[in-house]
Amino acid sequence: MPIHYRLLQNQIKGSKNYRKYYAHTVRQGVINMEDIEQMIQENCTAKASDVRLVLRELYDAIKFYMQHGYTVDLKELGKFSISVKSVCVDNPEDFNSKTHITGFKCNYTPQGKRRHSSDPDANSRIRRGLLDGCEAVETKFYK
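Being a predicted model, the structure only gives us computed values, none of them experimental. (Residues numbered from 1 in each chain as written. Predicted model: local features only at pLDDT ≥ 70, side-chain atom pairs only at ≥ 80, totals over all residues. Heavy atoms only, no water.)

Undergrad: Where do I start with the sheet that holds strand β8 (residues 136–138) in this structure?
TA: Two modes of strand pairing occur in sheets, parallel and antiparallel, and in both the strands are linked by backbone hydrogen bonds. With mixed pairing, the three strands of this open sheet are ordered in space as β2-β1-β8. The outermost strands of the open sheet, each flanked by one partner alone, are β2 (21–25) and β8. Adjacent strand axes in the sheet meet at a mean angle of 45 degrees when their direction is disregarded. Sheet analysis places strand β1 (residues 3–9) next to β2, joined by five bridges and oriented antiparallel. Across the sheet, the residue bridging to Y5 is T25, located in β2. (Pairing = 2+ DSSP bridges. Helix = DSSP H or I, 4+ residues; strand = E, 2+ residues; numbered from the N terminus. Axes fitted to C-alpha atoms, helices over the stretch in contact; angles between N-to-C directions.)

Undergrad: What is the right way to read the packing of helix α1 (residues 33–43) against helix α2 (residues 48–67) from this model?
TA: The geometry of a pair of packed helices is captured by two quantities: the angle between their axes and the separation between those axes. Direction vectors running N to C along α1 and α2 enclose 125 degrees, while the axes themselves pass 8 Å from each other. In terms of their interaxial angle, α1 and α2 are classed as oblique. α2 is crossed by α1, and the crossing has right-handed handedness. Contacts from M33, E37, Q38, I40 and Q41 in α1 reach A48, V51, R52 and L55 in α2. (Parallel < 35°, antiparallel > 145°, perpendicular 65-115°, else oblique. Left-handed = near helix turned anticlockwise from the far one by under 90°. Contact = heavy atoms within 4.5 Å.)

Undergrad: Would you mind showing me how to read the side chain of H4 here?
TA: Tracing the backbone shows H4 in strand β1. Classification of H4 by relative accessible area gives buried; the value is 18%. (Buried < 20%, exposed > 50% of the residue type's maximum accessible area, 1.4 Å probe, protein only.)

By themselves these figures say nothing about function.
Put into structure tokens, the structure is as follows:
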């Protein structure tokens, strides 16, 4: 199934692309955990309840390791890690974690492999497995 998009006109007056058109992704909906459990159940011998158990344990394991400073590498799915957000200070001695760290961010990097310059499709340097086979089709309406 292709990725749907529609053309929108840039309305930001200060932009160098003002009044130019760009592709904007049209989402097809939301798939929840139960939908994924059902799909996996239909494709293998595991029951949806078994899949749910494993996915919840996977979540707990990922959370545990990320909160202990690890990057979690799930091969084809990608890597997950946590980074801190903070305000800047002029002097390192002035930094106080209680006041200057403002939050945390979950980082996700999809799995990728570097392309060789001899690759005929080397318009990007990294090939992302999750994007293999993507196609785009223009749609004239919202769903």
